[in-house]
Amino acid sequence: TIMKYKLSDLKINKYDFDENGLIIYDIENEFTHFLNETAAFIYQCICEKNCDLEQIILLFKENYNMTKITDEVLNDDINEIINSFIEKKLIICYE
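Position labels on residues start from 1 in each chain and follow its written sequence. The predicted nature of this model means local features are confined to residues of pLDDT at least 70 and side-chain atom pairs, given and counted, to a pLDDT of 80 or more, with totals for whole chains, interfaces and linings taken over all residues. Remark: hydrogens and water are excluded; side-chain values derive from all non-hydrogen atoms of the structure.

**Q** Which parts of the structure should I look at to understand the packing of aromatic side chains?
**A** Two aromatic rings, taken as a pair, are described by how far apart their centres are and by the angle between their planes. Each aromatic pair joins two rings of Phe, Tyr and Trp (for Trp, the six-membered one) with centres within 6.5 Å, and gets the label stacked for planes under 30 degrees apart, edge-to-face for over 60, and tilted for any other angle. Inspection of the entire model under this criterion finds 4 aromatic pairs. When the centroid spacing of 5.8 Å and the interplanar angle of 70 degrees are considered together, the rings of F41 and F60 count as edge-to-face. Of this pair, F41 sits in helix α1 (residues 37–49) while F60 sits in helix α2 (residues 53–63); the two residues are 19 residues apart in sequence, bridging distant segments of the chain. Residue exposure (1.4 Å probe, protein chains only): buried if accessible area is under 20% of the type maximum, exposed if over 50%, otherwise partly exposed. Residue classification places F41 among the buried residues on the basis of a relative accessible area of 15%. Classification of F60 as buried rests on a relative accessible area of 6%. Both rings, one in Y43 and one in F85, keep their centres 5.6 Å apart while their planes meet at 85 degrees; by these two values the pair is edge-to-face. Of this pair, Y43 sits in helix α1 while F85 sits in helix α3 (residues 71–87); the two residues are 42 residues apart in sequence, bridging distant segments of the chain. Helix and strand labels come from DSSP, where a helix needs a run of H or I of at least four residues and a strand needs a run of E of at least two; each type is numbered from the N terminus.

**Q** Would you take a moment to explain the sheet that holds strand β2 (residues 12–18) for this structure?
**A** Each strand in a sheet pairs with another by means of backbone hydrogen bonds, the pair being arranged parallel or else antiparallel. In this analysis, strands are considered paired if DSSP registers two or more bridges between them. Overall, antiparallel pairing links the 3 strands, which are arranged β2-β3-β4 in an open sheet. Of all the strands in the sheet, the pair left with one neighbour each is β2 and β4 (31–36). Direction aside, neighbouring strands of the sheet carry axes that sit 20 degrees apart on average. Alignment of β2 against strand β3 (residues 21–26), held across 6 bridges, turns out to be antiparallel. Along β3, the bridge assignment pairs N13 with Y25. When checking whether two residues touch, look at their non-hydrogen atoms; a contact exists if any pair is within 4.5 Å. Fitting a line to C-alpha atoms yields each axis, with helices limited to the stretch in contact; the angle taken between N-to-C directions then spans 0 to 180 degrees. On the sheet, α1 packs against β2, β3 and β4 and is oriented at approximately 105 degrees with respect to β4.

Next up, the structure:
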């Protein structure tokens, strides 16, 4: 089963931090999340392009010219970031 992700129901504001990251302010919990460039890229793939994990891996490899890194390695690393988004309630996972 391919897992899909989408924005949670939290009320948030997004601010461009700079070209290397993103700031997300959780209005309901009054908490600020600072995403580095990698996490911001993954977050935007999910929120703006509705990507699943396989699509994120493909876009990540293209964007960062990482053709020599295996999908398995990226899968683990990207999944770790996605799981942190889920724990922080920035996104939700569904089938």
